[in-house]
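Architecture and fold: a report
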Amino acid sequence: QASEEAADAELAVPAVPATGRSEQTPLPLDEDTTTVKMDMSKHMTRDDVQRLLDEHGLKGLYDFLYLAVNFETGKNYGYATVNFVSPEAMRLADSRLRDIWLDATTKITFFAFKVQGRSNLIENYRNKGMMFQSKDEYKPVIFQDGQRCWFPSPDVEQPPTSKSRSGGKRQR
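Residues numbered from 1 in each chain as written. Predicted model: local features only at pLDDT ≥ 70, side-chain atom pairs only at ≥ 80, totals over all residues. Heavy atoms only, no water.

**Some remarks on the overall build of the chain**
The helix and strand tally for the chain stands at four helices and 10 strands. Along the chain direction, N to C, the helices and strands of the chain fall in the order α-β-β-β-α-β-β-α-β-α-β-β-β-β. Taking the intrachain contacts of the chain between residues at least 6 apart in sequence as the baseline, contacts between residues at least 24 apart amount to 65%. Per element, the accessible surface of the chain, about 9,100 Å² overall, is 49% carbon and sulfur. (Helix = DSSP H or I, 4+ residues; strand = E, 2+ residues; numbered from the N terminus. Contact = heavy atoms within 4.5 Å. Areas by Shrake-Rupley, 256 points an atom, 1.4 Å probe, with all protein chains shown as cover.)

Structure representation (C-alpha cells):
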C-alpha cells in the first residue's frame, strides 16, 4: 500500500527546468506564514520533533504537528508540518532552529506549507489515510497552550481511494 503522505509533499509549486524533469520549488516564507514544512532527519519520530521544538523554547508557540511517515517502513519522509500560533512565533522558531544540523546530512530549513492555519490543517488531514491507522505516532496532533488536545475524528467511514503517482491504488 503506497502511503498518501508522499502526495502531501506537494507543498511546493512545480517547476519544469530545462531538463524537462519536474522539480519542487519551495514556497517562500512571508509576513503572514504560520504553517511551515521543516526538513527533518528521517530517523526522527513525531515525539522527537516535539521534543526538539520544546527544548528550543517553543512549547506553547505551536498548535499543530505532523511528521509524514511511510506506513510500510515506519520511517518518516524527511519533513514535518508545524503550525505556529502566529507569524511572530513562526519567525522566532525559524531564528532558533534554522540551520541546526540534526545528523550528518540533514539541517533544519523552513518553507511555507501549502495549507495555512490550524483549522485548515485539521480539515486537510482529518480524512486522510493516516487517520485510519492504528498507530497514533502516524497521525497529526494538535495543541492548546502547549498541551496536546483531541484531534477531530474523521467524518467519513473510510478514506477515499485515488490513483497514486505510480498508477496503483492508494489510500487518500
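**Here we look at unusual backbone geometry**
Phi at Asp99 is positive, roughly 70°, even though this residue is not glycine. Of note, Asp99 is situated in the loop between helix 3 (87–97) and strand 6 (110–112). Positive phi, normally seen in glycine, also occurs at Asp145, with a value near 50°. Along the chain, Asp145 turns up in the loop between strand 7 (141–144) and strand 8 (147–149).

**Some remarks on the nonpolar core**
One finds Met38, Met40, Leu53, Val82, Phe84 and Phe110 to be the most contacted residues of the largest nonpolar core, which totals 38 residues. For this core, the secondary-structure elements that each account for two or more residues are strand 3 (35–39), helix 2 (46–55), strand 4 (62–69), strand 5 (76–84), helix 3, helix 4 (118–125) and strand 7. The element best represented in this core is strand 4, accounting for seven residues. Not counting chain neighbours up to four residues away, the residues in contact with Leu53 comprise Met38, Leu58, Lys59, Tyr62, Val82, Phe84 and Leu97. (Core = buried A, V, L, I, M, F, W, Y, C linked by side-chain atoms within 4.5 Å. Buried < 20%, exposed > 50% of the residue type's maximum accessible area, 1.4 Å probe, protein only.)

**Side note on the packing of aromatic side chains**
By the definition in use, this model includes six aromatic pairs. Taken together, a centroid distance of 5.2 Å and an interplanar angle of 75° make the contact between Tyr62 and Phe143 edge-to-face. With Tyr62 in strand 4 and Phe143 in strand 7, this residue pair connects regions lying 81 residues apart in the sequence. Across the pair, Phe143 and Tyr62 agree in class, each one buried. An aromatic cluster is present here, built from Phe64, Tyr66, Tyr125 and Phe151 joined pairwise through their rings. (Phe/Tyr/Trp six-rings, centres within 6.5 Å; stacked < 30°, edge-to-face > 60°.)

**Observations regarding the pairing of strand 5**
Among the nine residues in strand 5, eight count as buried, and that is most of the element. Examined bridge by bridge, strand 3 and strand 5 share five bridges and lie antiparallel to one another. What sits directly across from Lys37, in strand 5, is Thr81. Sheet analysis places strand 4 next to strand 5, joined by six bridges and oriented antiparallel. Bridge pairing in strand 5 links Leu65 to Val82. The loop that links strand 4 with its antiparallel partner strand 5 comprises six residues; one of these, Gly74, has a positive phi angle of about 80°. (Pairing = 2+ DSSP bridges.)

**A few points about helix 4**
Listed as buried for helix 4 are Leu121, Ile122 and Tyr125. Viewed end-on, helix 4 has its buried residues packed into an arc of 100°, placing them on one side of the element. (Arc of directions from axis to C-beta.)

**Examining the pairing of strand 3**
The element strand 3 is extensively covered by neighbouring structure, given that five of its five residues are classed as buried. By the alternation rule, side chains of strand 3 split into Thr35, Lys37 and Asp39 and Val36 and Met38, which are all buried. Across three bridges, strand 3 lies against strand 6 in antiparallel orientation. Bridging from a neighbouring strand, Val36 pairs with Ala112 of strand 6.

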